[in-house]
Amino acid sequence: MTDPLPPGETAWSIGRWAIQSFGTPTLEVAEARAREEMDELVEAIQLKSDSARVTSEAADVVIVLCHLAATLNIDLWEAVENKMIINRRRQWESRGDGTAQHKKDS
């Protein structure tokens, strides 16, 4: 019988689980794995897969990033929060397609 998921997974708990389960990858291996998972997400989107598959592939991408963060001893959520502070202060130029680029001087 497997252990139930702890209540409220975090980037840290997921990263630690990945290291315990799979080991500590080199950065090159972690990058390749992240690309594989991102490619699977892109494929699911391009094939107009059902939302369950897209959701699962997106979750895989996040899990791989948590593994990378744990490998580098990075608090991923803290990094996201700090980056959002920067992003919220920037000025953005809409591309008109639901995406934007921050203006170079911001």
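Residues numbered from 1 in each chain as written. Predicted model: local features only at pLDDT ≥ 70, side-chain atom pairs only at ≥ 80, totals over all residues. Heavy atoms only, no water.

A. Main features of the pattern of salt bridges. Within the structure shown, the criterion is met by five salt bridges. A salt bridge links Glu43 to Arg53, with the shortest nitrogen-to-oxygen separation between them at 3.0 Å. Remark: Arg53 occurs in helix H3 (residues 51-71) and Glu43 occurs in helix H2 (residues 27-46); sequence separation between them is ten residues. On the basis of relative accessible area, Glu43 is assigned to the partly exposed category, the value being 40%. Assessed through its relative accessible area of 27%, Arg53 is described here as partly exposed. Counted as one network, the salt bridges with shared partners bring together Arg33, Glu36 and Glu37. (Salt bridge = Lys/Arg side-chain N within 4 Å of Asp/Glu carboxyl O. Helix = DSSP H or I, 4+ residues; strand = E, 2+ residues; numbered from the N terminus. Buried < 20%, exposed > 50% of the residue type's maximum accessible area, 1.4 Å probe, protein only.)

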